[in-house]
Amino acid sequence: MPATDKTDRTMTSVTAQEALDFHSQGRPGKLEISPTKAMATQRDLSLAYSPGVAVPVKAIAEDPNTAYDYTTRGNMVAVISNGTAILGLGNLGALASKPVMEGKAVLFKRFADVDSIDLEVDTENVDEFINCVRFLGPSFGGINLEDIKAPDCFIIEQKLREVMDIPVFHDDQHGTAIIAAAGLINALALTGRDFKTTKLVCNGAGAAAIACIELIKSMGFASDNIILCDTKGVIFEGRTEGMNQWKSAHAVKTERRTLAEALDGADVVFGLSAKGALSEDMVRSMAPRPIIFAMANPDPEITPEEVARIRDDAIVATGRSDYPNQVNNVLGFPYIFRGALDVRATTINDEMKIAAAEALASLAKEDVPDDVAAAYQGNRPRFGPQYIIPVPFDPRLISAIPMAVAKAAMESGVARKPITDLEAYGRQLSARRDPIASTLQRIYERVRRQPKRIVFAEGEEVQVMRSAIAYANQQLGTAILLGREERMRETAEREGIDLDRPGIQIVNARLSKRVGAYTDYLYARLQRKGFLFRDAQRLINNDRNHFAACMVALGDADGMVTGLTRNYSTALEDVRRCIDPKPGHRVIGVSIALCRGRTVLVADTAVHDMPSSEELADIAEEAAGLAKRLGYVPRVAMLAYSTFGHPQGERSERVREAVNILDKRRVDFEYDGEMAADVALNARVMEQYPFCRLSGTANVLVMPAFHSASISTKMLQELGGSTVIGPLLVGFDKSIQIVSMSAKDSDIVNMAAIAAYNAGM
Ligand SMILES: NC(=O)C1=CN([C@@H]2O[C@H](COP(=O)(O)OP(=O)(O)OC[C@H]3O[C@@H](n4cnc5c(N)ncnc54)[C@H](OP(=O)(O)O)[C@@H]3O)[C@@H](O)[C@H]2O)C=CC1
Ligand SMILES: CC(=O)C(=O)O
Ligand SMILES: [Mg+2]
C-alpha cells in the first residue's frame, strides 16, 4: 500500500490571509476572560470583594489547600514561553510567540476544559526567566512551558520543578515525547519490530528530540541503537563542536558522521529539527518498511508526498493535521494536565507520561465506534500504517488519557487528592466534551467525503468571496459565486483574493444559458399567483436569490447560501417562490445555542410568527428530526411561561394542546410540556415534577412563538456568552440556508457546509 494515498485522505489548507483574518476578526486574538460569578449586586460585590473576600483569604492563609476550593487555581494552567524556539520557526521573540501560546491555551480549554492563560516572558536570560515564573506559582495549578530553546529549557524546567510544588511540564519535551512514543509503539508493532533491536536516528538534538529519546529509552529502547544528529551531524562520543551535557549523554561510538550516513539502513527516523532536513536519498537508504516521523512544524522534514514518490512501504507521520498520523503534542498536554489537576498531582512524573503514551497507543488499536468515526477524515479508520495514533478530535481522548494519567499519579504517590470513585470520574470526564464542536466536525468530515456544489448567491460581496474560497479550500466541494464576473474580479483584485483556483466557479446570471429554463420553471410556479411571464423573467435576471434557488431546484447546484445583503424574511420569501417544503414537512428555523459546554436546539427561530398548536407539534417534529440527524437523542421541551398548568393562562393552552397532538401522533422521541425554561433546563427544578416525561434536561426547546424564540436566542448570544449557529432552515425540499446580515465569514462557511450536509441527507 502506498505510504500516502491522496485519495484516502483530505488536505485541509488555509491561506495566509485566512489565517490573519481568523486572528483579527471580532475581538483580536483567540481568548477572553469571563467571570463565573454574577457580580451584579451590592451583595455580590460584598461577597466577591471586600469584605467577603477576606474570609477565603484567611482560610487559604490557614490551609493553602483550600485555594483549590475558593479560587481558580485548581483548574488553571499557565502557558509560558520566551519565544526562543517557536514551533520550527526559530527564535522570533516573546511577543511573536503569543499567537502560539494563545492557541495552546485555547486547546487546553477546547479539548480538556482546563482554563489557561498565556504568559510571554521577554528575556533570554535563564535565571531571569526562572525567577519570573517561580514566583507565579500560587496563581496556577500547573505550568506548561512552551517553545523555549534547548539547552535553556532543560535548565529552566529542572529548576522550576525543584522550586515549585505544582506540575511543571515542558510541552515540547514531554508532550512531544509521549505522542512520539505512542506512535512508535504502534508503528513498531505494525512492522514486526521491537524496542530492543530497532535502529533509530533522531534528527535534532534540542528540547523535543532529547526528551523523545530519553522517554523511549526509559521504556526499554536500546540506547546503543539510537543515533542523535544536529546541525553539525552525528553526535558521536568525543565530538566537541556544538555540544552540551544533554547531547553528550546520548553520544554513541560510531564511525558515521553525517545524517545521510546515520540513516543508511536505519529502521526509524524522528525528525525534530527543521523543514526539509530529510532528503529523498536519505529515505531511500533506510531499511525496508521504514518508520518516518517528520515532526517539525509547520513544515515537516520531508512531506508524505515526497516519501511516497520514492517508496511505498513507509509508515509516515507528521506534526500537521492535514496528513494522516498526526504526531503532535496537542494529543497530550490538554489531557495530561486534566488528569494531573484532577488528582492535584505535585508533578508529572515518568509513570504518568508512560501511562499516557500507552493509553494513546491502545486507543488507536480499538475499534472506532459510530459516534467517533465522524471525527476522522475519510472512511472509518482501522489500525494500520495510515492510522497509528488517534486524531485530536477523537472524543474518546478526554476519557481515556486523563484517566490513565490520574491512575498513574495515584499509583506513583504524587496525587494529593486521590480519586476514589473512578467510574464517576470517567463520567465527569465525558461530560467535559464539547458536543457542538464534534457535531460541526462530523458535518465537515461528511461533506469532505461527499463534496457538494453550493451556490453563494451574493457572490459580489467580498465576505462571500472569502467564504467561498474557504469552502473550496477545505475540500467541501465547488463554491459557485453568483454575480457579475467583471465586478467580482475588480473586487477580488483590490482585496488580494485569487478567484482562479480549483473549486471556485463564477456564474453570471445575465450570461447564463439556463436563464430560459429557470424563467419557465418559475413562471410555471407563479402564474396563478398573479405573476406575468415578464415578472418571472425579471426575477431571474435581476434577483440573485431567485436565480440561485432555481439553480438548486433544477439540479445545477446542490445547495444555496444567501442572506448577507437582504433581511432574513425577504430572502426566505425569495426562496419560497422557487422551492417547496419537502412533502409532509414544514419549513422552520432551528438555532443551535452552545453555552458553557451545553448545547440546545431552539425552534422555530425563523418562520412561524404565532404558531398554532398543530404547527407547534410540527415544529417539535422537525426540530427533533434535525437533532437526531446531528447525532443527539432529542428531549423536547414545549416551552411556555407556565409549567404543567400553573399559572393558568390562555397562551399556554396552545402549547398544552400541541403536547396532546404529539401524543396522538405517537412520535418516537421524548417530549413534554408545557413548561418554563428553568424546568426544562435545570435538573433540580425538573425534579419538582416527578411525572415529567423527559428523562433528563431538554436539549430541544420549542418556543411558543417567534418573538420568544428570537428574543431568547439573541439574549443568550449577547448576554449569556453563547455561540449561536443558525437559524438553520429545515423542511425545504432542497438544501437552502440563509445567514443573518451580520454573519461573519466563518458563519457563512458553516452554513454552506450545513447546506452541503443536508443536500446529502
Ligand atoms: N510535532 C510536535 O508535536 C512537535 C514538534 N516540534 C518540532 O521540533 C523541532 C525542534 O523543536 P525544539 O526541540 O523545541 O527546538 P530546539 O531549538 O530546542 O532544538 C532544535 C534542534 O534542531 C536542530 N536542528 C535545526 N535545524 C536542523 C537541521 N537542518 N538539521 C539537523 N538538526 C537541526 C538543532 O541543532 P543544533 O543543536 O545544532 O542547533 C537543535 O538541536 C521544531 O521544528 C518543532 O516544530 C517540537 C515540539 C513538538
Ligand atoms: C507542536 C509544538 O509544540 C511545536 O511544534 O513546537
Ligand atoms: Mg511547541
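As recorded in an unreviewed UniProt entry, the protein goes by NADP-dependent malic enzyme and comes from Ensifer adhaerens.

Overview of the domain arrangement of the protein
The parts lose accessible area when they come together, and the size of an interface is often stated as this lost area. Looking at the assigned domains, one finds that the protein contains domain 1 (43-170), domain 2 (446-578) and domain 3 (588-731). Taking only C-alpha atoms into account, the centre of domain 1 sits 50 Å from that of domain 2.

Description of the site of ligand 2
Ligand 2 sits among Leu 87, Lys 104, Glu 146, Asp 147, Asp 172, Asn 297, Asn 328 and Asn 329. Here Asp 172 contributes a side-chain N or O atom positioned 2.8 Å from an oxygen atom of ligand 2. The side chain of Asn 297 places a nitrogen or oxygen atom 2.8 Å from an oxygen atom of ligand 2. Residues that form the shell around ligand 2 fall into these classes: one nonpolar, three polar and four charged.

Quick notes on the coordination of the magnesium ion (ligand 3)
Protein coordination at the magnesium ion (ligand 3): the donors are Glu 146 (OE), Asp 147 (OD) and Asp 172 (OD), at 1.9 to 2.1 Å from the metal. Sequence positions of the donors to the magnesium ion (ligand 3) reduce to the motif E-D-x24-D. The burial state of Glu 146 is the same as that of Asp 147; both residues are buried.

Some remarks on the UniProt feature "domain: Malic enzyme N-terminal" (unreviewed entry) in the protein
Residues annotated in UniProt with the feature "domain: Malic enzyme N-terminal" (unreviewed entry) correspond here to residues 28-161. Across residues 28-161, helical content stands at 40% and strand content at 12%; the span's end C-alpha atoms are separated by 34 Å.

Comments concerning the sheet that holds strand 19 (residues 700-702)
The sheet built from six strands is open, its strands ordered 18-17-19-16-15-20 with mixed pairing. Where the open sheet ends on each side, the last strands, each with one partner, are strand 18 (670-675) and strand 20 (723-730). Strand-to-strand twist in this sheet, taken as the mean axis angle between neighbours without regard to direction, amounts to 20°. Sheet topology places strand 16 (residues 598-603) next to strand 19; three bridges connect them, and they run parallel. The residue bridging Leu 601 from the neighbouring strand is Val 700, located in strand 19. Running over the sheet, helix 27 (residues 650-665) touches strand 17 (635-639) and strand 18 and is turned about 160° from strand 18.

Some remarks on the packing of aromatic side chains
All told, the structure shown has 15 aromatic pairs when counted by the stated rule. Both rings, one in Phe 111 and one in Tyr 335, keep their centres 6.5 Å apart while their planes meet at 50°; by these two values the pair is tilted. Taken together, the residues span a long stretch of sequence, with Phe 111 in helix 5 (residues 98-112) and Tyr 335 in helix 14 (residues 333-342) at a distance of 224 residues. For the residue pair Phe 111 and Tyr 335, the accessibility class agrees, reading buried in each case. Considering the side-chain rings of Phe 169 and Phe 337, the 5.6 Å spacing of their centres and the 85° angle between planes classify their relative orientation as edge-to-face. Taken together, the residues Phe 169 in strand 4 (residues 168-170) and Phe 337 in helix 14 connect sequence positions 168 residues apart.

Digging into the pairing of strand 1 (residues 76-81)
Summarising burial for strand 1: six of the six residues are buried, a large majority. Where burial is concerned, the two faces of strand 1 agree: the one with Met 76, Ala 78 and Ile 80 and the one with Val 77, Val 79 and Ser 81 are both buried. As paired strands, strand 1 and strand 2 (residues 115-120) are joined by six bridges and run parallel to one another. Paired with Val 79 across the strands is Asp 118, a residue of strand 2. Pairing between strand 1 and strand 3 (residues 142-145): four bridges, direction parallel. Bridge pairing in strand 3 links Ile 80 to Leu 145.

With respect to the side chain of Gln 326
Residue position: Gln 326 is located in the loop between strand 10 (315-318) and helix 14. With relative accessibility at 11%, the residue Gln 326 sits in the buried group. Here Gly 319 takes part through its backbone oxygen, which lies 3.0 Å from a polar atom of the side chain of Gln 326. With residues up to four places along the chain from it excluded, the contact list for Gln 326 reads Thr 318, Gly 319, Arg 320, Ser 321, Leu 331, Ile 389 and Pro 392.

Structural notes on the site of ligand 1
Neighbouring ligand 1 are 27 residues, the closest being Thr 176, Ala 205, Ala 208, Thr 231 and Lys 247. With respect to ligand 1, the backbone of Ala 208 contributes an N or O atom lying 2.9 Å from an oxygen atom. Between ligand 1 and Asn 329, the relevant distance is 2.9 Å, taken from an oxygen atom to a main-chain nitrogen or oxygen of the residue. For ligand 1, the accessible surface in isolation is 910 Å², of which the surrounding protein chains cover 82%.

A word on the packing of helix 8 (residues 171-190) against helix 15 (residues 350-365)
Look at helix 8 against helix 15: their axes get within 8 Å of each other, and the N-to-C directions meet at 40°. When the axes of helix 8 and helix 15 are compared, the pair comes out oblique. Judged by the sense of rotation from one axis to the other, the crossing of helix 8 with helix 15 is right-handed. Contacts between helix 8 and helix 15 pair His 174, Ile 178, Ile 179, Ala 181, Ala 182, Ile 185 and Asn 186 from the former with Lys 353, Ala 356, Ala 357, Glu 358, Leu 360, Ala 361, Ala 364 and Lys 365 from the latter.

Considering the nonpolar core
In terms of nonpolar packing, the biggest core is built from 104 residues, with Ile 143, Leu 184, Leu 200, Phe 270 and Phe 293 touching the most fellow members. In this structure, Leu 184 is in contact with Phe 195, Leu 200, Ile 216, Phe 221, Val 268, Phe 270 and Phe 293, ignoring residues within four places of it in sequence.

Rules used in this analysis
Residues numbered from 1 in each chain as written. Chains lettered and ligands numbered in written order. Predicted model: local features only at pLDDT ≥ 70, side-chain atom pairs only at ≥ 80, totals over all residues. Heavy atoms only, no water. Domains from an automatic or database assignment. Near = heavy atom within 4 Å. Polar contact = N/O pair within 3.5 Å; in protein donor to acceptor, adjacent residues only side chain to side chain. Nonpolar A, V, L, I, M, F, W, Y, C, P; charged D, E, K, R; others polar. Donors = N, O, S within 2.8 Å, 3.2 Å for Na, K, Ca; no water. Buried < 20%, exposed > 50% of the residue type's maximum accessible area, 1.4 Å probe, protein only. UniProt positions renumbered as here; feature names shortened; annotations may be inferred. Helix = DSSP H or I, 4+ residues; strand = E, 2+ residues; numbered from the N terminus. Pairing = 2+ DSSP bridges. Axes fitted to C-alpha atoms, helices over the stretch in contact; angles between N-to-C directions. Contact = heavy atoms within 4.5 Å. Phe/Tyr/Trp six-rings, centres within 6.5 Å; stacked < 30°, edge-to-face > 60°. Areas by Shrake-Rupley, 256 points an atom, 1.4 Å probe, with all protein chains shown as cover. Parallel < 35°, antiparallel > 145°, perpendicular 65-115°, else oblique. Left-handed = near helix turned anticlockwise from the far one by under 90°. Core = buried A, V, L, I, M, F, W, Y, C linked by side-chain atoms within 4.5 Å.

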